[in-house]
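Read off the chains here:
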Amino acid sequence: MKRLLLRDFLRNQYRRFVQRSAFVHQLGANELRQSAIVFAPHQDDETLGCGGTILQKKAAGADVKIVFMTDGCRSHAGLIAEEELSTLRRTEAISACKVLETKEQDVFFLDIKDGTLGQHLAVASEKVIHLLQTIRPETVYVPYRLDNHPDHRNTTRSVIQALKKCRMPMTVYEYPVWFWYHWPWVGFSGKLSAFRHILKIRFYPFWFDCA
């Protein structure tokens, strides 16, 4: 019992520390009107990660494009055929984007196979460069660089690589999705991988490189 109380105490203290040290940026009126591209690893991350921001920007009159990096075909492996799921998620994504006041012609699919984005970073970056040079947004939204999912981290990696290559001045915002699914927001599994991820979050400048 004492061990559980100590663990809960440490978890709550660390959670408060993370919350106090976090910097939450509230978009001003001028920023809300800036054009944007939201890069989403899978079909639903745009809504879970920054759906509210998209709606605020659209209400302010901003031009917002949404780009899905992968086809999402492996989210329910073994339950539905990959091709069928990919088609279904594309249809659902277009419907969800309409709820976010984003027209179908402003939604793009790069169709890299779900779970393989890390193996196709060069291809992804080239596609992103083409979109950036064509659309020329003022702001870019990508997943938090240490979201605990490889497609999320590699989405950010490929976009940062593209920005460095095309050398276009843009403001980059990161939005968390899987960040909320690890300690201290949920229980600690005790696995070495979980502990390693905690260290990465606190010391990511030494662990993570977008180059």
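Since the structure is predicted, the reported quantities are computational estimates derived from the model, not experimental observations.

Reading guide: rules and limits
Residues numbered from 1 in each chain as written. Predicted model: local features only at pLDDT ≥ 70, side-chain atom pairs only at ≥ 80, totals over all residues. Heavy atoms only, no water. Helix = DSSP H or I, 4+ residues; strand = E, 2+ residues; numbered from the N terminus. Buried < 20%, exposed > 50% of the residue type's maximum accessible area, 1.4 Å probe, protein only. Contact = heavy atoms within 4.5 Å. Areas by Shrake-Rupley, 256 points an atom, 1.4 Å probe, with all protein chains shown as cover. Core = buried A, V, L, I, M, F, W, Y, C linked by side-chain atoms within 4.5 Å. Polar contact = N/O pair within 3.5 Å; in protein donor to acceptor, adjacent residues only side chain to side chain. Salt bridge = Lys/Arg side-chain N within 4 Å of Asp/Glu carboxyl O. Phe/Tyr/Trp six-rings, centres within 6.5 Å; stacked < 30°, edge-to-face > 60°. Lys NZ or Arg CZ within 6 Å of the ring centre and 35° of its normal. Expected span 1.5 Å × (residues − 1). Pairing = 2+ DSSP bridges. Axes fitted to C-alpha atoms, helices over the stretch in contact; angles between N-to-C directions.

Draft legend 1. Spatial organisation of the overall build of the chain. Scanning the chain from terminus to terminus reveals eight helices and five strands. For the chain, the succession of helices and strands along the chain, N to C, is α-α-β-α-β-α-β-α-β-α-β-α-α. Buried residues in the chain amount to 43% of all 211 residues. Intrachain contacts of the chain at a sequence separation of at least 6 include 79% that bridge at least 24 residues. Carbon and sulfur atoms make up 55% of the accessible area of the chain, which totals about 12100 Å².

Draft legend 2. Spatial organisation of the nonpolar core. Of all hydrophobic cores here, the largest spans 21 residues; its most connected members are F39, V67, M69, V128, L132, V140 and V159. Residue assignment for this core shows that the elements contributing at least two residues are β1 (36-40), β2 (64-70), β3 (107-112), α5 (121-135), β4 (139-143) and α6 (150-166). Counting residues in each nonpolar core, the second largest holds 19 residues, with F68, I94, C97 and V107 among its members.

Draft legend 3. Highlighting the side chain of D106. One can find D106 in the loop between α4 (82-99) and β3. Of the polar contacts made by the side chain of D106, one reaches the side chain of K65; its length is 2.6 Å. Other than its neighbours up to four places away in sequence, D106 contacts D63, V64, K65 and I66.

Draft legend 4. Inspection of the pattern of salt bridges at higher detail. Evaluated as defined, the whole model comprises eight salt bridges. D63 serves as the salt-bridge partner of K65, at 3.4 Å between the closest nitrogen and oxygen. Exposure remark for K65: the relative accessible area of 14% places this residue in the buried category. Exposure remark for D63: the relative accessible area of 34% places this residue in the partly exposed category. A salt bridge links E174 to R145; the nearest nitrogen and oxygen atoms lie 2.8 Å apart. Here E174 is found in strand β5 (residues 171-175), whereas its partner R145 is found in the loop between β4 and α6, with 29 residues between them in sequence. Residue classification places E174 among the partly exposed positions, given a relative accessible area of 32%. A relative accessible area of 22% means that R145 is categorised as partly exposed.

Draft legend 5. Focus on the environment of G51. Within the secondary structure, G51 sits in helix α3 (residues 45-59). Residue class for G51 comes out buried when judged on its relative accessible area of 6%. With residues near it in sequence (within four places) discarded, G51 still touches E46 and L100.

Draft legend 6. Molecular detail of the packing of aromatic side chains. In this structure the tally under the stated criterion is two aromatic pairs. With centroids separated by 5.2 Å and ring planes inclined at 20°, the aromatic side chains of F68 and F109 adopt a geometry described as stacked. One end of the pair, F68, is in strand β2; the other, F109, is in strand β3, and 41 residues separate them in sequence. Relative to Y173, the ring of Y141 lies with its centre 5.1 Å away and its plane at 25°, an arrangement referred to as stacked. Note that Y141 is positioned in strand β4 and Y173 in strand β5, a separation of 32 residues in sequence. Each member of the pair, Y141 as well as Y173, carries the same accessibility label: buried. Seen from the ring of F109, R90 lies directly overhead, with NZ or CZ sitting 4.1 Å from the centre.

Draft legend 7. Looking closely at α4. The terminal C-alpha atoms of α4 lie 26 Å apart, and with 18 residues this matches the ideal 26 Å at 1.5 Å per residue to within 8%. For α4, every residue scored as buried is listed here: L85, S86, R89, A93, I94 and C97. Considering only its buried residues, α4 is in contact with β2 and β3. Trailing α4 by a residue or two, E101 shows a phi angle of about 65°, which is positive.

Draft legend 8. Quick peek at the sheet that holds β3. Ordered in space as β3-β2-β1-β4-β5, the five strands form an open sheet in which the pairing is parallel. Taken across any chain shown, the strands that pair with only one partner, and hence form the sheet edges, are β3 and β5. Looking at each pair of strands side by side, their axes are set apart by 20° on average, direction ignored. Note: β1 against β2, five bridges, orientation parallel. From the neighbouring strand, I37 faces β2, where its bridge partner is K65. Against the sheet, α6 engages β1, β2, β4 and β5, with an angle of about 150° to β4.

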